[in-house]
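The primary structure of each chain is shown beneath.
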Amino acid sequence: MELDNIEKLLEKYFEATTTVAEEETLKAYFSKESVATHLEQYAPMFQYFDVAKQERFTKQVPLEPRKKYYKWLSIAAVAVFMIGFYFYGPTPEPTSLADEFTQEEIASAQEALALLAMNFNKGTEQLNYLEEFQKNTNKFLTKE
């Protein structure tokens with residue numbers, strides 16, 4: 001009868017519906033040496049919980065040095081902000097191309113861009129032929 005009760009408690013435990021008293025019953029059962037063979041796989045888990053419950057963190061946690069670090073970090077942030085504010089200047093208004101380049105330079109740049117566009121269009125025409133070739137090749141390959 002006790003074994004049936006333990007199996008029911010295990011089902012409830014894995015569904016997370018057990019009470020604290022039921023969990024204590026499971027821990028007591030699995031801490032004994034005589035555990036049913038088909039339930040032995042759960043014994044290490046409950047034994048681990050007992051051991052883990054007794055563990056304590058004993059190292060010292062340093063908290064004081066961080067306060068000094070934050071103080072210097074805030075001072076550095078204010079210094080960077082003030083230096084940036086000091087060197088910040090208004091941006092100059094954008095100039096037009098006519099102010100910056102001569103008419104001959106602008107005309108030669110337009111001519112070079114027109115030549116580039118013409119060659120680019122020739123290349124895209126060749127891609128259209130290639131696409132048509134691929135369509136026809138696929139028709140013959142899929143006909144079989």
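Above this text you will find the structure in question.
Conventions we followed
- Residues numbered from 1 in each chain as written.
- Predicted model: local features only at pLDDT ≥ 70, side-chain atom pairs only at ≥ 80, totals over all residues.
- Heavy atoms only, no water.
- Axes fitted to C-alpha atoms, helices over the stretch in contact; angles between N-to-C directions.
- Helix = DSSP H or I, 4+ residues; strand = E, 2+ residues; numbered from the N terminus.
- Parallel < 35°, antiparallel > 145°, perpendicular 65-115°, else oblique.
- Contact = heavy atoms within 4.5 Å.
- Nonpolar A, V, L, I, M, F, W, Y, C, P; charged D, E, K, R; others polar.
- Salt bridge = Lys/Arg side-chain N within 4 Å of Asp/Glu carboxyl O.
- Buried < 20%, exposed > 50% of the residue type's maximum accessible area, 1.4 Å probe, protein only.

J.: How should the packing of helix α2 (residues 20-31) against helix α3 (residues 43-54) be read in this particular structure?
T.: Helix packing geometry: the angle between the two helix axes and the distance between the axes. The geometry of α2 relative to α3 is characterised by a closest axis approach of 9 Å and an angle of 110° between their N-to-C directions. The pairing of α2 with α3 is recorded here as roughly perpendicular in orientation. The segment α2 lies against α3, with Glu24, Leu26, Lys27 and Phe30 engaging Ala43, Phe46, Gln47, Asp50 and Lys53. Partitioned by chemical class, the residues of the contact of α2 with α3 number four nonpolar, one polar and four charged.

J.: Sorry if this is basic, but what is going on with the pattern of salt bridges here?
T.: Pairs can form between side chains of opposite charge once their charged atoms are near each other. For the coordinates displayed, the defined rule picks out three salt bridges. Measuring nitrogen to oxygen at the nearest pair gives 2.9 Å for the salt bridge that ties lysine 12 to glutamate 22. Here the residue lysine 12 occupies a position in helix α1 (residues 2-14), and glutamate 22 occupies one in helix α2, the gap between them amounting to ten residues. On the accessibility criterion, lysine 12 (30% relative accessible area) is partly exposed. Residues glutamate 24 and lysine 27 are paired through a salt bridge, measuring 4.0 Å at the closest nitrogen-oxygen approach. Within this pair, glutamate 24 and its partner lysine 27 are both found in helix α2, separated by three residues, close to a single helical turn. The class of lysine 27 is buried, set by a relative accessible area of 17%.

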